[in-house]
Amino acid sequence: MLITPEPAARSSYRLSKSRYLSGLQCHKRLYLEIHAPALATKPDAATQAILDMGTDLGELARRRFPGGRLVTAGYRQSQEALAQTAELLQDSTVSAIFEGAFQFDQVLIRVDVLERVGVNASGQPTWRLVEVKSSTKLKPTHVEDLTIQSYVLEGTGLALADICLMHVNTQYVFDGLELDLGQLFTIRSLNETIRPRLPEVPSRLASMHEMLNAMSAPALAPDEHCHSPYECPFWAHCTQEKPPRWIYHLPGSSKTVIQLRELGVETIDDIPDHVALTPVQRRVKDNREWIGQGLRSALEKIVYPVHHLDFETFMPAVPKFVGTRPYQVIPTQWSNHIEYPDGRLDHAEYLCRDGRDPREELAVTLLDSLGGEGSICVYSSYERSVLERLAEDFPSLRKDLKRVMARLWDLHIVIRDHYYHPAFEGSYSIKAVLPAVVPSLSYADLAIGDGGVAACEYARMIFTVSDWIEKSQIEEALLRYCERDTLAMVELRRELKKRAG
Ligand code: SF4
């Protein structure tokens, strides 16, 4: 695709930190971000919520630096931000600058925290650079992130005494009273890691600028690099002309896909017969409905009344309830469809509607609904992991929860081992399986259609939204979504029973 940069814009482009990181991931991505941003796919609600969570944590992290001052000019007001930062740098009473703006070598950055730590031998103030991340550990992209920031800061003449990453500490246990920010965040110095990398930056920037001045985007093919360290928003654009059974859609290890691509295999149909594939990959290649001989007996192992259980959960980065840790999985609702031997169906559900710790009440109501008999049909091992955690957290309920766990029956395993439909396109997720097996039932009519969005909406309903009409709309959407998950399992079992004969 030919994208001609505006003549006036050719020669130099100011990069931001995130654009520099895009360029490290893929030159084509950076090119498209600058010359054709409209081709990007907008982040979905769940991705946006993760980004927002990062912003919230950044604001909380500032409280670790009392006396710090915020550069209030927005991201688009770069001249104002640079001027405000320059003023704060001169003011020796300012112990830390938040969101300071700095520019060097055509790169403009905003720095989460720049802490004044002392004075060097020449009488110049020294600073500690602190980048705040919502992640729980150091990742390679954090090193790149701090490298470009350090390059710019030192380029402007600042003396950096230390270069640090501040991330969430999952070992911190909230006492329910006051957040201990010293415990919630871990600060680690990466000075020794970053320094040797600084000399690489000028040549990297030069090659990015050269690429940006070309008349068209570099001819880079989409592959694994598009998903790491970030999902590239141009994936749909770059893959729009790929065949529907593109080899990249083969499930399983990416190693197999890489090897096949090296052999020149472009589609799943072109995979030579002698190539060793897993059973699932073989079914995807065969591309026809497959009913395993054991399907019927696997389905008949279930015991009536059959409960169909699904949890929804959320994982607050900042713990909300006593005794919980950052990112701990907190179950907030359940749905149970109960099918009796005569085909009758009952439905029960629970949703915590306020900011209380929902876990104990959720567990007690669930135990009551599940009673003492019948299999409990789930789809994946997730429900077991939630029950195990509840059993750990509430010793008085442990025995009953263990009894419940002994009744779990995983429909996902039954389908994975005994059934395949070409419309699965290699995925055994319930979102792929349901429309293929029960086309009359889907998630398309629901306001909330996936677990990630449900988690974000729950947090929003409890901690952000104050309007009761909006609250009740979210509540209703959450209930209907969880209900659909368990109804899906009922209908899938029924339909598979018919197909098993
Ligand atoms: S989808 Fe892949 S190839 Fe295309 S711009 Fe993004 S990272 Fe580059």
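Thresholds, definitions, all that
Residues numbered from 1 in each chain as written. Predicted model: local features only at pLDDT ≥ 70, side-chain atom pairs only at ≥ 80, totals over all residues. Heavy atoms only, no water. UniProt positions renumbered as here; feature names shortened; annotations may be inferred. Helix = DSSP H or I, 4+ residues; strand = E, 2+ residues; numbered from the N terminus. Near = heavy atom within 4 Å. 1 Å grid on protein atoms, 1.4 Å probe; cavity = no way out; pocket = protein on both sides within 12 Å on 5 of 7 lines; lining within 4 Å. Sits in = over half its atoms within 2 Å of the grid points. Nonpolar A, V, L, I, M, F, W, Y, C, P; charged D, E, K, R; others polar. Salt bridge = Lys/Arg side-chain N within 4 Å of Asp/Glu carboxyl O. Buried < 20%, exposed > 50% of the residue type's maximum accessible area, 1.4 Å probe, protein only. Pairing = 2+ DSSP bridges. Axes fitted to C-alpha atoms, helices over the stretch in contact; angles between N-to-C directions. Contact = heavy atoms within 4.5 Å. Domains from an automatic or database assignment. Buried area = accessible area lost by both parts, 1.4 Å probe. Polar contact = N/O pair within 3.5 Å; in protein donor to acceptor, adjacent residues only side chain to side chain. Phe/Tyr/Trp six-rings, centres within 6.5 Å; stacked < 30°, edge-to-face > 60°. Lys NZ or Arg CZ within 6 Å of the ring centre and 35° of its normal. Points joined across faces, edges and corners; volume = space filled by probe spheres on them.

Per an unreviewed UniProt entry, the chain goes by DUF2779 domain-containing protein and derives from Nitrospira defluvii.

(A) Focus on the UniProt feature "domain: DUF2779" (unreviewed entry) in the chain. In this structure's numbering, the residues bearing the UniProt feature "domain: DUF2779" (unreviewed entry) are residues 307-429. As annotated, residues 307-429 comprises 33% helix and 27% strand, and the C-alpha atoms at either end are separated by 20 Å.

(B) Up close: the site of the ligand. In the vicinity of the ligand, the contacting residues are Cys26, Lys28, Arg29, Leu220, Pro222, His225, Cys226, Cys232, Phe234, Trp235 and Cys238. Of the pockets mapped on this structure, the ligand occupies the largest cavity. Looking at the shell around the ligand, the elements with two or more residues in it are helix H2 (27-35) and helix H9 (235-238). Grouping the amino acids of the shell around the ligand by side-chain chemistry returns 8 nonpolar, 1 polar and 2 charged.

(C) Examining the pattern of salt bridges more closely. Tallying each qualifying case throughout the model produces 37 salt bridges. With a shortest N-O distance of 3.5 Å, arginine 389 and aspartate 393 are connected by a salt bridge. Remark: aspartate 393 and arginine 389 occur in helix H14 (residues 382-393); sequence separation between them is 4 residues, near one turn of the helix. Overall, aspartate 393 belongs to the partly exposed group, its relative accessible area being 25%. One salt bridge in this structure joins arginine 403 and aspartate 400, with 2.8 Å as the shortest N-O distance. A residue pair is termed a helical-turn pair when its members lie 3 or 4 positions apart in one helix, as arginine 403 and aspartate 400 do in helix H15 (residues 398-405) at 3 residues. Residue class for arginine 403 comes out exposed when judged on its relative accessible area of 52%.

(D) Up close: the sheet that holds strand S10 (residues 330-339). Here we have 5 strands laid out as an open sheet, ordered S11-S10-S9-S12-S13, and mixed in their pairing. In the strand order of this sheet, the two ends are held by strand S11 (345-351) and strand S13 (408-410), each with one partner. Within this sheet the neighbouring strands show an average axis-to-axis angle of 25 degrees, counted without direction. Relative to S10, helix H19 (residues 468-500) is tilted by about 40 degrees, and along the sheet it contacts strand S9 (306-314), S10, S11, strand S12 (376-378) and S13.

(E) Spotlight on the domain arrangement of the chain. When the domains of the chain are assigned, the result is domain 1 (15-209) and domain 2 (295-500). Centre-to-centre, using C-alpha coordinates, domain 1 lies 39 Å away from domain 2. Each side of the interface is counted separately: domain 1 has 20 residues, and domain 2 has 14 residues. Between domain 1 and domain 2, the buried area comes to about 1,200 Å², and carbon and sulfur atoms account for 72% of it. The interface formed by domain 1 and domain 2 holds 0 salt bridges in total. Counting across the domain 1 and domain 2 interface gives 4 residue pairs in polar contact (both at pLDDT 80 or more). Per-element tally for the side of domain 1 that touches domain 2: the top contributor is helix H3 (residues 45-61), with 6 residues. Tallied by class, residues from the side of domain 1 that touches domain 2 come to 12 nonpolar, 7 polar and 1 charged.

(F) Inspection of the packing of aromatic side chains at higher detail. With the rule as written, the count across this model stands at 11 aromatic pairs. Their ring planes at 55 degrees and their centres at 5.4 Å tell us that tryptophan 235 and tyrosine 248 sit as a pair that is tilted. In this pair, tryptophan 235 is assigned in helix H9 and tyrosine 248 in the loop between H9 and helix H10 (254-262), connecting sequence segments 13 residues apart. On the basis of relative accessible area, tryptophan 235 is assigned to the partly exposed category, the value being 23%. Residue tyrosine 248 is classed as buried on the basis of its relative accessible area of 18%. Seen from their ring centres, phenylalanine 424 and tyrosine 428 are 5.5 Å apart, and the 70 degrees between their planes marks the pair as edge-to-face. The buried category is assigned to phenylalanine 424, whose relative accessible area is 1%. A network of ring pairs unites the aromatic residues Tyr419, Tyr420, Phe424 and Tyr428 as a single cluster. One Lys or Arg, arginine 110, reaches over the ring of tyrosine 75 and ends 4.8 Å from the middle of that ring. The positively charged end of arginine 283 is found above the aromatic ring belonging to tryptophan 290, 4.0 Å away from the centroid.

(G) Layout of empty space enclosed by the protein. The tally for this structure, following the rule as stated, stands at 1 cavity of 30 Å³ or more. One number sums up the size of the largest cavity: a volume of about 90 Å³. Of the residues forming the lining of the largest cavity, the biggest block, 3 residues, is contributed by H2. Residues belonging to the lining of the largest cavity are distributed by class as follows: 10 nonpolar, 1 polar and 2 charged.

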